[in-house]
Amino acid sequence: MELFGTSVLLLGLFVGFGLLIGILFGFFGMGGSFLVTPALLVMGYPTRVAVGSGLAFVFGTSVIATLKHRDLGQVDYKLGISMIVGTTAGIEVGKEIVLHLESLGLAGGIISVTYVVLLGGIGAFVTYEALKGGDGGGVSHDADATATQDIPDIAKKIQSYHIPPMLSLRGGITASLWLVLAVAFATGLLSGFLGVGGGFIRMPALFYLIGVPVPVAVGTDLFEIVFSGGLGSLLYAQSGGVDLSIVAPLLAGSALGARLGSAATDLVDEEEIKVYFGVMLLLGAAAVALRQLGETYAVDVLNTVSFVIIIGAALLVSGAVVSSALAALRERDDAGHSTSAD
């Protein structure tokens, strides 16, 4: 049986996958094209369709997730617009570097190795930092209450440079506009060089370099993705690279998933968010490395293993997110009952 030219079984698969990715996207501010595009490539879709449909999905999901984070007060518009300006400039420079490397015949290998090293490196660093700081107790989820938040030393250093104009950011943070633009430019440069949306770079950069609370880093990153994903999907749609029979069921699943993931950032402890984020990146690095090896040495089974890791990572981490959020809700419920009993 087919619906809109796609089998009902495949539609169901896309809706379920969209739900999982939506949870991750709303929770981390990344995970869309990072997971969807490789999955579509392994399923046999042309590269243009896989990338274009992945970007269109990212755009739709980021709109849904950003609206939920806005309701929770976790989007800093001043920071987001500043990041967009710096990131756009960085992407252009990154693209020029890629074109130069292509002319030398070195682009493919260098980009692939850089991607895996960066993905794995950030994943290992974030996981290590979160586990190391996990004994410090719970962290406030109030975007404007960060007096007790453990701001990274690098962020404290960046915040200490008072180079006007200064930006007042959510969480009671003040940072120089020029330093924010410099961080945005660096993340944009990496995004343009690697050819990815860059959520896995921006989210930790907003926390570790600028010092905003993790939930605000996620919400602001999503706000930026609305613009980058929208522009990218529009360009691909003009050349027929967006397949609505893929995008529509993915968005149907992610509409619920993105709201669940966004709501979870207000329930789950920040250290847990960072652990899950790090694990997600480490699994992603393994999947990308295996896919690259499979393509380089023409070993098809490695592409299949890469796909299984991608799906497994989505299931494992989104399941952990939902489980942690439900546990936090139960704790709040129990605390509320015990308070009323007293």
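No experiment lies behind these values; they were computed from the predicted model shown.

Caption draft 1: Quick peek at the overall build of the protein chain. A count of helical and extended segments in the protein chain gives 12 helices and 4 strands. Of all 342 residues assigned to the protein chain, the portion counted as buried reaches 50%. For the protein chain, the proportion of contacts with a sequence separation of at least 24, taken over those separated by at least 6, is 80%. Split by element, the accessible area of the protein chain, about 15,100 Å² in all, is 68% carbon and sulfur.

Caption draft 2: Here's a closer look at the packing of helix α5 (residues 107-132) against helix α7 (residues 177-194). Here α5 crosses α7 at 130°, and the two axes come no closer than 10 Å. Considering the angle they form, α5 stands oblique to α7. Across the interface between the two elements, I110, I111, T114, Y115 and L118 of α5 pack against L190, F193 and L194 of α7.

Caption draft 3: View of the environment of E224. For E224, the position within the fold is in helix α9 (residues 214-238). Between the C-alpha atom of E224 and that of S62, which follows or precedes it by 162 residues, the distance is 8.8 Å.

Caption draft 4: A look at the packing of aromatic side chains. Counted by the stated rule, this structure contains 7 aromatic pairs. Aromatic pair F27 and Y276: ring centres 6.4 Å apart, planes at 45°, arrangement tilted. Here F27 is found in helix α1 (residues 8-28), whereas its partner Y276 is found in helix α11 (residues 270-296), with 249 residues between them in sequence. Accessibility classification places F27 together with Y276 in one group, the buried group. Ring geometry for Y77 versus F223: centroids 5.2 Å apart, planes at 90°, classification edge-to-face. Here Y77 is found in helix α4 (residues 77-103), whereas its partner F223 is found in helix α9, with 146 residues between them in sequence.

Caption draft 5: Quick look at helix α3 (residues 47-71). Taking 1.5 Å as the rise per residue, α3 with 25 residues should run 36 Å; its terminal C-alpha atoms sit 36 Å apart, in good agreement. Immediately beyond the C-terminal end of α3, within one or two residues, lies G73, with a positive phi of roughly 70°.

Caption draft 6: Representation of the side chain of S254. Relative to the assigned elements, S254 resides in helix α10 (residues 244-264). Looking at S254, the relative accessible area reads 0%, which means it is buried. Residues contacting S254, with those up to four places away along its chain left out, are G18, L19, G22, F57 and T61.

Caption draft 7: Just the pairing of strand β3 (residues 166-169), in detail. By the alternation rule, side chains of β3 split into L167 and L169, which are all buried, and M166 and S168, of which none is buried. Where β3 meets strand β4 (residues 173-176), 4 bridges bridge the pair, whose relative direction is antiparallel. When the bridges of β4 are listed, L169 appears paired with I173. Counting the residues between successive antiparallel strands, the hairpin from β3 to β4 contains 3 residues, one of them, G171, with a positive phi of roughly 95°.

Caption draft 8: Broad picture of the pattern of salt bridges. Within this structure, the stated rule accounts for 5 salt bridges. R202 is paired through a salt bridge with E224; the nearest N and O atoms lie 3.2 Å apart. Residue R202 is found in helix α8 (residues 199-210), and its partner E224 is found in helix α9; the two are separated by 22 residues along the sequence. Note on accessibility: R202 and E224 belong to one class, buried. Salt bridges sharing partners connect three or more residues here, namely R202, D221 and E224.

Caption draft 9: Layout of the nonpolar core. In terms of nonpolar packing, the biggest core is built from 75 residues, with F27, F28, L79, L169, F200, I210 and V212 touching the most fellow members. Top element by residues in this core is α1. It accounts for 9 residues. Here F27 is in contact with V218, G261, S262, A264, T265, V268, I273, Y276 and V321, once residues within four sequence places are set aside.

Definitions and cut-offs
- Residues numbered from 1 in each chain as written.
- Predicted model: local features only at pLDDT ≥ 70, side-chain atom pairs only at ≥ 80, totals over all residues.
- Heavy atoms only, no water.
- Helix = DSSP H or I, 4+ residues; strand = E, 2+ residues; numbered from the N terminus.
- Buried < 20%, exposed > 50% of the residue type's maximum accessible area, 1.4 Å probe, protein only.
- Contact = heavy atoms within 4.5 Å.
- Areas by Shrake-Rupley, 256 points an atom, 1.4 Å probe, with all protein chains shown as cover.
- Axes fitted to C-alpha atoms, helices over the stretch in contact; angles between N-to-C directions.
- Parallel < 35°, antiparallel > 145°, perpendicular 65-115°, else oblique.
- Phe/Tyr/Trp six-rings, centres within 6.5 Å; stacked < 30°, edge-to-face > 60°.
- Expected span 1.5 Å × (residues − 1).
- Pairing = 2+ DSSP bridges.
- Salt bridge = Lys/Arg side-chain N within 4 Å of Asp/Glu carboxyl O.
- Core = buried A, V, L, I, M, F, W, Y, C linked by side-chain atoms within 4.5 Å.

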